[in-house]
Amino acid sequence: MNRDASHELQVLIDALLDGRADADQQARLQMILRDDPEAQLWYLRYVNLHSCLRMTAASPIQASGSESPSEEPPVAGGVGSCVPIHRERRRLQIGVALAALAATLLLAVWGWMHQLPRPEPDGPPARVVEVRGQLEVLAQDGTARPVMAGDAIARGQTLRSGDSASSAVIERAGAPIELGANTFISFAGLAAEEVQLTRGGAHFKAGPQPLLVRTPHAEIRSESAALTLAVTDGSTRVSVHGGTAQLVRTADRQAVSIPSDAWVVAGRDVGPLVAHPYEKRPPTAIIPTRHAVEAALSPNGTQLALFTSRIELWDVTSRKLLLTLAERKSRLNELGFSPDGRLLARGGQSPFLELWNLDDQQATRTFAVPRAKEEAIAPTFSADGKYLAALAHLPGNIQGVRTWRLADGAVMPEPARSRKLKSLVALPGTSSFVGGTGEGDLMRWHAATGAEEATYQSGQRFAIKHLAASGDGRWLAHPAQDGILIWDVAARKPKHLLDGTGKLAFSPDGRWLAAAFLGYLDVWNVATGARALTIPTERDGMIWLAFTPDGKTLLALSGVQGRILLWRLPELS
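If you're wondering where the values come from, they're calculated on a predicted model, not measured in any experiment. (Residues numbered from 1 in each chain as written. Predicted model: local features only at pLDDT ≥ 70, side-chain atom pairs only at ≥ 80, totals over all residues. Heavy atoms only, no water.)

(A) How the structure looks around the confidence of the model for the chain. Residues at a pLDDT of 70 or more form 75% of the chain, whose mean pLDDT is 78. For the chain, the element scoring lowest by mean pLDDT is helix α4 (residues 60–64), at 41; strand β34 (residues 468–469) scores highest, at 95. Contacts for the low-pLDDT stretch residues 83–89, under 50 throughout, to residues beyond four places or in other chains number 16 contacts. Low pLDDT, under 50, characterises residues 109–123; the predicted model gives this stretch 16 contacts beyond four residues in sequence or across chains. (pLDDT = per-residue confidence, 0-100. Helix = DSSP H or I, 4+ residues; strand = E, 2+ residues; numbered from the N terminus. Contact = heavy atoms within 4.5 Å.)

(B) Highlighting unusual backbone geometry. Look at Asp261: it is not a glycine, yet its phi comes out positive at around 60 degrees. Topologically, Asp261 is positioned in the loop between β15 (255–258) and β16 (262–267). Take Asp261: its relative accessible area is 29%, and that puts it in the partly exposed class. Of note in the backbone geometry, Arg319 takes a positive phi value of approximately 60 degrees without being a glycine. (Buried < 20%, exposed > 50% of the residue type's maximum accessible area, 1.4 Å probe, protein only.)

(C) The sheet that holds β34, seen in detail. Within the open sheet, the four strands sit side by side as β34-β35-β36-β37. Their pairing is antiparallel. The open sheet terminates on both sides in strands that have one partner only, identified here as β34 and β37 (493–498). Judged from the five bridges that link them, strand β36 (residues 483–488) and β37 form a sheet pairing that is antiparallel. The residue of β37 that forms the bridge with Ile484 is Leu498. (Pairing = 2+ DSSP bridges.)

(D) Looking closely at the pairing of strand β30 (residues 421–426). The buried count for β30 comes to five of six residues, which makes it a mostly enclosed element. Pairing analysis gives five bridges linking β30 to strand β31 (residues 432–437), with the strands arranged antiparallel. When the bridges of β31 are listed, Ala426 appears paired with Phe433. Connecting the antiparallel pair β30 and β31 is a turn made up of five residues, with Gly429 showing a positive phi of about 80 degrees.

(E) Summary view of the side chain of Arg249. You can see Arg249 is positioned in strand β14 (residues 245–249). Classification of Arg249 by relative accessible area gives buried; the value is 3%. At a separation of 2.9 Å, a polar atom in the side chain of Arg249 contacts the side chain of Asp252. (Polar contact = N/O pair within 3.5 Å; in protein donor to acceptor, adjacent residues only side chain to side chain.)

(F) Structural detail: the pattern of salt bridges. Tallied over the entire structure, the rule returns 20 salt bridges. Close ionic contact of Glu194 with Arg214 constitutes a salt bridge, the shortest N to O distance being 2.5 Å. Of the two residues, Glu194 sits in strand β9 (residues 194–205) while Arg214 sits in strand β10 (residues 211–214), which places them 20 residues apart along the sequence. When sorted by exposure, Glu194 lands in the same class as Arg214, which is buried. Taking the shortest distance from any N to any O, the salt bridge between Asp408 and Arg405 comes out at 2.9 Å. For Arg405, a relative accessible area of 29% gives the class partly exposed. A single network of salt bridges, built from pairs that share partners, joins Glu194, Arg214, Glu219 and Arg253. (Salt bridge = Lys/Arg side-chain N within 4 Å of Asp/Glu carboxyl O.)

(G) Region of the structure containing the packing of aromatic side chains. All told, the structure shown has two aromatic pairs when counted by the stated rule. Between Tyr456 and Trp487 the ring centres are 5.8 Å apart and the planes differ by 80 degrees, which places this aromatic pair in the edge-to-face class. Here Tyr456, found in strand β33 (residues 452–457), pairs with Trp487, found in strand β36; they are 31 residues apart in sequence, far enough to count as distant. When the ring centre of Tyr520 is taken as reference, the NZ or CZ atom of Arg237 above it lies at 3.8 Å. (Phe/Tyr/Trp six-rings, centres within 6.5 Å; stacked < 30°, edge-to-face > 60°. Lys NZ or Arg CZ within 6 Å of the ring centre and 35° of its normal.)

(H) Structural detail: the nonpolar core. Formed by 34 residues in total, the largest nonpolar core has its most connected members in Leu159, Phe204 and Leu247. Sorting elements by how many residues they give to this core places β9 first, with four residues. Once residues within four sequence positions are removed from consideration, Leu247 is found in contact with Ala218, Glu219, Ile220, Val238, Gln254, Ala255, Val256, Ile258, Val264, Ala266 and Leu273. Formed by 17 residues, the second largest nonpolar core is a distinct cluster that contains Ala514, Leu554, Leu565 and Leu572. (Core = buried A, V, L, I, M, F, W, Y, C linked by side-chain atoms within 4.5 Å.)

(I) Highlighting the sheet that holds strand β40 (residues 520–525). The strand order across the open sheet formed by four strands is β38-β39-β40-β41, and the pairing between neighbours is antiparallel. Looking at strand neighbours, the two that pair on one side only are β38 (503–506) and β41 (531–536), the edges of this open sheet. Geometrically, the sheet is characterised by an average inter-axis angle of 15 degrees between neighbouring strands, direction not taken into account. (Axes fitted to C-alpha atoms, helices over the stretch in contact; angles between N-to-C directions.)

(J) How the structure looks around the side chain of Thr380. Mapped onto the elements, Thr380 comes out in strand β27 (residues 375–381). A relative accessible area of 14% places Thr380 in the buried class. Within polar-contact distance, the side chain of Thr380 engages the backbone oxygen of Ala378 at 3.0 Å.

(K) Just the environment of Gly243, in detail. Positionally, Gly243 belongs in the loop between β13 (235–241) and β14. Classification of Gly243 as partly exposed rests on a relative accessible area of 33%. Linking Gly243 and Ile258, residues 15 residues apart in sequence, is a C-alpha distance of 8.9 Å. Setting aside residues no more than four positions away along its own chain, Gly243 makes contact with Ser224, Ala225, Ile258, Pro259 and Ser260.

(L) Inspection of the pairing of strand β19 (residues 294–297) at higher detail. Burial along β19 is two-sided: the residues Glu294 and Ala296 and Ala295 and Leu297 are all buried. Examined bridge by bridge, β19 and strand β20 (residues 303–307) share four bridges and lie antiparallel to one another. Within β20, the residue paired with Leu297 across the bridge is Leu304. The turn joining β19 and β20, which pair antiparallel and follow one another in sequence, is formed by five residues; a positive phi near 75 degrees is taken by Gly301.

(M) Main features of the environment of Leu325. In this fold, Leu325 is placed in strand β22 (residues 320–327). Separated by twelve residues in the primary sequence, Leu325 and Leu313 have C-alpha atoms spaced 8.3 Å apart. Beyond its immediate chain neighbours, meaning those up to four positions away, Leu325 contacts Arg310, Ile311, Leu344, Trp356, Leu358 and Gln361.

Dropping the structure here:
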């Protein structure tokens, strides 16, 4: 054990032996000793030493003054023994006491270990109720298999999703657990109601037994509350909906009670834990559609394109359906407006892009990707409206970027590193695109030539699967390994690292950045990096987010029910 671990163990044992240990300290001591043989041996030796010192102090031989006062104090040797430092009578007396102590300790440990929860004989502790998108379960030997509704998740297995559009609902001991995007969750726990969440988001509701959720940064206990967690490599954010929960930060064991309708962030912050109340701000309006899987807002903010089983065009103000386009049954259906709002591009599970003219509601052109098995996704118009780009995608892998000139349909050259791209955005005010790579950096290239114009390197390795650009072209933002990274485009340097994650959208003037994840919406001041507003969304995980052109309304697509929600924002400062 290292110095910090042994010090923590010593403090806990001292509290236990002195009768000062509370329930949390006892639970922490039990957790440490259960899984660490070295800690168990350290525990027995330390208790042995403690007992030796007490017996020495209380010995009648010492009290009679027959022993030399200059003798060394006893030192703990092996388990159940003290190093003898007194005469034979003393040795015999201490030896008998230690034998009794060792027997007592062994019986106590044996009884303690036999009280540990055993694997449930009635089957695995979790069952998949619903799957949206693609998820897989990892066995203890590292093998993976796809997850489908009705599958069982056994203890020792991990459920994961690297796809931002994938989620699932599972049941564990009668309590629902709804998982958000990019989730890594394990059901290998010490107790039946313990869950380990490594990364991503999840919505938990405690069942008949108290629920313990462990993350890399905190332990959260709840007996009645509904919890929403968002976990990155750098921090854990916990929101409570009804009831209360207790959070203990892993780094320093600091604890905080979280009341209903409040949230706490633990992890990168070194200051005290603080429970922040939510500002209650329910959606002001809802577009009356369900089961949408993709959305796009027109540049003037008046029209909203949705994909359900067909393409639908809605009026944002009146919330009325304007028109529907051809039905397409496909797993991938992504939409993008041209800068003038007259054209709508649709990519999906097919080797071509469709271009629709919204004036006459006709598909005017089709752009094919080179290989028949590829899917054209993330259709993106350049800011000047002259080019259309898309990522060429094989299931599970990006195969580069394809760019066409709208005037004649000519295919433009690919940038040299296009096969590394995982996301795509147009850079406002230019004919250039910016893409996020699977290695954690950004690359900028010219649409006409494919020539790389700039590289933005963060020094960290992670896949950038979502990217946002501000309307003035000054800022770029994306979820990073331990938060949200905002880039200064001109300086090619990171501006801020924010303790959030999820889908992102800049306000039109570039002053504000919104982040939507499972259970909350955050709005950040881009210049200062300060959080200006937090809005609870309960269990809704957002898979798309946009500001209206006036910057006063946020639109979001719920991944739970496929609904469009609208929030009217207060005056931000």
